Amino acid sequence: MKKYRPGLRLALAGSLLFSLLCGTAVLAQDVAESPSAPDLGAMDLEQLTNLKVETVYGVSKFEQVVTEAPASVTVVTSDEIKRYGWRTLADVLKATRGFFTTYDRNYSYIGTRGFNRPGDYNTRVLLLVDGHQINDAIYESAAIGTEFILDMALIDRIEIIRGPSSSLYGAGAFFGVINVISKSARQIEGVEVGGSWGSQQTGSGRISYGKLFNGGEFLISGSGLSSRGNDRLFFPEFNDPATNNGIAANMDRDRSYSLFASGHLRDFTLAGAFISRDKRIPTASFGTIFNDPRTNSNDRRSYLDLKYDKAIDGTSITARLFYDEYRFTGNFAYDRTADDPVFYPASYMNRDQHLARWWGAEAQASRQLLPRLQLTGGVRFRDNYEVELPNYDLVPGGRRLDNSHENVFYALFGQAELRILESLILNAGVRYDHYETFGGATSPRLALIYTPVEGTVFKLVYGQAFRAPNAYELYYNDVFNGYATSSALRAETMRSYEAIYEQYYGDVVRTSASLFYNKIDNLISYQDVSPTQVAFANVERVRALGGEFEIEGQWSSGFAARSSYGFVSARDQATDQSLDYSPRHLVKLNLTAPLYRKKLFAGIELQGVSRREFSHNGAQVASPGYLVTNATLSSTALLPGLETSFSVYNLLDRRLEDPATTDHMQNLIPQDGRTYRLLFSYRF
């Protein structure tokens, strides 16, 4: 009984929140006496902006209203990012229905619909910036922490699309797609400087410049961040005088700098981005020396993207040519053991120095063929012409293992949207991907969208998705021979069934409810080959059944509220046990209130995650559930061009812990207590 109490408390909290919000929504709707149709002429700029976000591009690769998109979608605006003080994409996802994250004090990992694999580097969610894929060609990772390539201040909106989307995007779009849309030069037009200061000696700076000219525009921005981090992290597993009594001192440092530029001239857009991020690793993962600052990681990600977009005789044509690069350097400090060469010093460094370069192209056309039929089709090609996975010891004459590969893939896709009746839409799509590494994969999606009356929408969505084994899973090994290569790996596959009900109450309140069932086969996981060696293998089958409910309201007075509750039961078919790291309950609440003339706002959010059980080095353990509160005061236009905010995270200073992987000696990773941040930007 005891172990289920946190989940029940969260479920009860969720029910109470819904009741509170429903009552508030109905009351506010009565008071507002909103007209049945919006009066565009009477709306201010903020309201007009809110109207625009009722469309989404990423679901079907063309602009469509959210109610006709074959998926459950959340759109996050730049205003929400400011009013809740979200620092990273991970912060955004924590506040989003059905999502949660895990942080191992190096990277943040996405959890959604009962599935979270700390250490798998977010390979099952596709991350895009302006349609350009950010997942790299080694780990296929989606970076959502401080290593994300775009400064949060440059985000115009984020489309979060749930469910499989491999029928359009191929591998990686397994559980969903996150499409980040950057601001245009028009939204800045001039110079904008920004900065922040906060707990843990964290500071950041940014300067952006946007310029419009005849037929085009140009934007460039540079950012930097430095944080000392939590300088006294305590890990009881290392509580010994020989290991600094379990205190990792000044081991949480995080530094990064980034550059983003985009230029638009007539039908062409050229964009590029770069980020370099250094992070010390305080957890002594992979058996490294505890409290040794030499153990750290560096991620460098960059890309160039040339896009052509034009409508010709009613046909929308988009073509893209891109070049990408990703470098990872991991430095790991080890004590010499009896297995090491005798000439090695008492301690030495081992290094992963991975590099991937790739280029590719894609083309897409979309046309309204008949009054009720729209067709979209396209092709994509990618050449991973350099994939290097060397591992070596930084010792003269020491061990070294080189590891080089290359591969290409191509894909064809098509989609049809048929309006059978004015109130009934059939959306059908299919994509074929061919990989040199494992062969081909076909991914269909079928959806029915029914709108019986205005404001009421039912969606039935069936989709198949796959995730291709990445270069790390296929080829990686180290000088310790700790990994067996897994060239026979097959793609993971998923069949997903989802029913969605959306209800709009005037222009103010929206509710959404969904039920889903996911069947995942050939899940790629670690498997012990011998007492000293592991390999990736297709070893698991997972079934997940769940539901989500959300209510959202936005009022012309400036009040806004969104609350959601999610439940999922995810089980491993082989063991008939709950899936590791899977919380059964998620609760979210976000409230915004204007304090002074829509220029000063208060934002508060609650995030609840239930207990997560998992096996760790042969023992069954759990991370306790939690409910955390964040609060933000933000102002716009108190002075011309000036925006400020002050945020307090983990307001009640709750003790938070996330699950660790078997790469760690400890089974729980402590999270930060109460912290704060002051943020400002000034445009001139």
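Cut-offs applied
- Residues numbered from 1 in each chain as written.
- Predicted model: local features only at pLDDT ≥ 70, side-chain atom pairs only at ≥ 80, totals over all residues.
- Heavy atoms only, no water.
- Helix = DSSP H or I, 4+ residues; strand = E, 2+ residues; numbered from the N terminus.
- Rg over C-alpha atoms; globule rule 2.2 N^0.38 Å.
- Contact = heavy atoms within 4.5 Å.
- Areas by Shrake-Rupley, 256 points an atom, 1.4 Å probe, with all protein chains shown as cover.
- Lys, Arg positive; Asp, Glu negative; His and termini not counted.
- Charge placed at Lys NZ, Arg CZ, Asp CG, Glu CD.
- Pairing = 2+ DSSP bridges.
- Phe/Tyr/Trp six-rings, centres within 6.5 Å; stacked < 30°, edge-to-face > 60°.
- Buried < 20%, exposed > 50% of the residue type's maximum accessible area, 1.4 Å probe, protein only.
- Core = buried A, V, L, I, M, F, W, Y, C linked by side-chain atoms within 4.5 Å.
- UniProt positions renumbered as here; feature names shortened; annotations may be inferred.
- Patch = residues over 30% accessible without salt bridge, like charges linked within 9 Å, V, L, I, M, F, W, Y side chains within 5 Å.
- Salt bridge = Lys/Arg side-chain N within 4 Å of Asp/Glu carboxyl O.
- Polar contact = N/O pair within 3.5 Å; in protein donor to acceptor, adjacent residues only side chain to side chain.
- pLDDT = per-residue confidence, 0-100.

**Brief notes about the overall build of the protein chain**
Here is step 1 of the chain: In terms of helices and strands, the protein chain carries 7 helices and 41 strands.
Here is step 2 of the chain: Here the C-alpha atoms of the protein chain give a radius of gyration of 25 Å, agreeing with the 26 Å that 2.2 N^0.38 yields for 684 residues.
Here is step 3 of the chain: When the backbone C-alpha atoms are referred to their principal axes, the protein chain occupies close to 80 × 60 × 50 Å.
Here is step 4 of the chain: Partitioning the intrachain contacts of the protein chain with sequence separation of at least 6 by distance along the chain shows that 63% fall at a separation of at least 24.
Here is step 5 of the chain: Counting every atom, the protein chain has about 28700 Å² of accessible surface; 58% of that belongs to carbon and sulfur.
Here is step 6 of the chain: Mean positive and mean negative side-chain charge positions of the protein chain (70 and 76 charges, respectively) differ by 3 Å.

**Some points on the pairing of strand 29 (residues 509-530)**
Here is step 1 of the chain: Bridge analysis of strand 28 (residues 492-505) against strand 29 gives 13 bridges, and the strand direction is antiparallel. Note on strand 29: the bridge partner recorded for Tyr504 is Arg510.
Here is step 2 of the chain: In the sheet, strand 29 pairs with strand 30 (residues 533-554) via 19 bridges, with the strands oriented antiparallel. Bridging from a neighbouring strand, Lys519 pairs with Arg543 of strand 30.
Here is step 3 of the chain: If you look at the hairpin formed by strand 29 and strand 30, you'll find 2 residues sitting between the two strands.

**A few points about the packing of aromatic side chains**
Here is step 1 of the chain: The full count for this structure, using the stated rule, is 33 aromatic pairs.
Here is step 2 of the chain: For the pair Tyr121 and Tyr472, a centre-to-centre distance of 6.3 Å together with 80° between the ring planes defines the contact as edge-to-face. Within this pair, whereas Tyr121 is found in the loop between strand 5 (108-112) and strand 6 (125-129), its partner Tyr472 is found in helix 7 (residues 471-475), the two being separated by 351 residues in sequence. Taken as a pair, Tyr121 and Tyr472 share a single burial class, namely buried.

**Quick notes on the nonpolar core**
Here is step 1 of the chain: With 47 residues, the main nonpolar core has Phe148, Ile149, Leu150, Ile158 and Val180 as its most contacted residues.
Here is step 2 of the chain: Counting residues per element, this core draws most heavily on helix 4 (residues 89-94), at 4 residues.
Here is step 3 of the chain: The next biggest cluster of nonpolar side chains, apart from the first, holds 22 residues, and it includes Tyr139, Leu474, Tyr483 and Leu489.

**Things to note about the UniProt feature "domain: TonB-dependent receptor-like beta-barrel" (unreviewed entry) in the protein chain**
Here is step 1 of the chain: Mapped onto this structure's residue numbering, the UniProt feature "domain: TonB-dependent receptor-like beta-barrel" (unreviewed entry) falls at residues 255-651.
Here is step 2 of the chain: Taken end to end, residues 255-651 is 1% helix and 72% strand, and its two terminal C-alpha atoms sit 25 Å from one another.

**A look at a nonpolar patch on the surface**
Here is step 1 of the chain: Among the surface-exposed residues, Trp197, Leu595, Tyr596, Leu633, Leu638, Leu639, Phe646, Tyr676 and Leu678 lie close enough to one another that they form a single nonpolar patch of about 910 Å² accessible area.
Here is step 2 of the chain: Where the nonpolar patch is concerned, the elements lending two or more residues are strand 33 (585-596) and strand 41 (675-683).
Here is step 3 of the chain: Tracing the backbone shows Leu639 in the loop between strand 37 (626-636) and strand 38 (642-649).

**Observations concerning the environment of Tyr257**
Here is step 1 of the chain: If you trace the backbone, Tyr257 turns up in strand 15 (residues 254-265).
Here is step 2 of the chain: On a C-alpha basis, the gap between Tyr257 and Arg320 in space is 27 Å, while along the polypeptide they are 63 residues apart.
Here is step 3 of the chain: Once you skip the residues sitting within four places of it in the chain, Tyr257 turns out to touch Ser223, Gly224, Phe274, Ile275, Ser276 and Arg300.

**Quick notes on the environment of Gly439**
Here is step 1 of the chain: By the element assignment, Gly439 lies in strand 25 (residues 439-450).
Here is step 2 of the chain: Overall, Gly439 belongs to the buried group, its relative accessible area being 17%.
Here is step 3 of the chain: Measuring from C-alpha to C-alpha, the distance between Gly439 and Ala491 comes to 9.1 Å, with 52 residues separating the pair along the chain.
Here is step 4 of the chain: Not counting the four nearest positions on each side in its chain, Gly439 is found in contact with Asp433 and His434.

**Here we look at the sheet that holds strand 8 (residues 155-162)**
Here is step 1 of the chain: Read from one edge to the other, the open sheet built from 5 strands follows the order 3-8-9-6-7, with strand pairing classed as mixed. Edge positions in the open sheet fall to strand 3 (73-77) and strand 7 (132-133), since each of these has one partner strand only.
Here is step 2 of the chain: By the bridge criterion, 5 bridges tie strand 6 to strand 9 (residues 176-182) in an arrangement that is parallel. Residue pairing across strands places Leu127 opposite Ile178, the latter belonging to strand 9.

**Considerations on the pairing of strand 6**
In regular strands, side chains alternate between the two faces of the sheet.
Here is step 1 of the chain: Among the 5 residues in strand 6, 5 count as buried, and that is most of the element.
Here is step 2 of the chain: Because side chains alternate across strand 6, one face comprises the buried residues Val125, Leu127 and Val129, and the other comprises Leu126 and Leu128, equally buried.
Here is step 3 of the chain: Bridge analysis of strand 6 against strand 7 gives 2 bridges, and the strand direction is antiparallel. Across the sheet, Val129 pairs through a bridge with His132, a residue of strand 7.
Here is step 4 of the chain: From the end of strand 6 to the start of strand 7, which pair antiparallel, there are 2 residues, and Asp130 there has a positive phi angle of about 55°.

**Comments concerning the side chain of Arg280**
Here is step 1 of the chain: Mapped onto the elements of the fold, Arg280 is located in strand 16 (residues 268-280).
Here is step 2 of the chain: For Arg280, the side chain forms a polar contact with the main-chain oxygen of Asn250, separated by 2.8 Å.
Here is step 3 of the chain: Once residues within four sequence positions are removed from consideration, Arg280 is found in contact with Arg105, Asn250, Met251, Asp252, Arg253, Pro293, Thr295 and Asn296.

**Focus: the confidence of the model for the protein chain**
Here is step 1 of the chain: With 92% of its residues at a pLDDT of at least 70, the protein chain reaches an overall mean of 90.
Here is step 2 of the chain: In the predicted structure, residues 1-53 sits below a pLDDT of 50 and forms 61 contacts with residues beyond four places in sequence or in another chain.

**A look at the side chain of Thr101**
Here is step 1 of the chain: Relative to the assigned elements, Thr101 resides in strand 4 (residues 99-103).
Here is step 2 of the chain: Excluding anything up to four places from it in sequence, Thr101 contacts Ala90, Leu93, Lys94, Tyr109, Gly111, Ile144, Arg612 and Asp658.

**Let's talk about the pattern of salt bridges**
Here is step 1 of the chain: This structure, assessed with the given rule, holds 49 salt bridges.
Here is step 2 of the chain: Taking the shortest distance from any N to any O, the salt bridge between Glu473 and Arg467 comes out at 2.9 Å.
Here is step 3 of the chain: Here Arg467 falls in the buried class, since its relative accessible area comes to 2%.

**Considering the environment of Arg367**
Here is step 1 of the chain: As for its position among the elements, Arg367 is in strand 19 (residues 347-370).
Here is step 2 of the chain: Between the C-alpha atoms of Arg367 and Ile317, which are 50 residues apart in sequence, the distance is 8.9 Å.
Here is step 3 of the chain: Setting aside anything within four residues of it in sequence, one finds Arg367 in contact with Ile312, Asp313, Gly314, Thr315, Leu373, Gln374 and Leu375.
Here is step 4 of the chain: Among the polar contacts made by the side chain of Arg367, one reaches the main-chain carbonyl oxygen of Asp313 at a distance of 2.5 Å.

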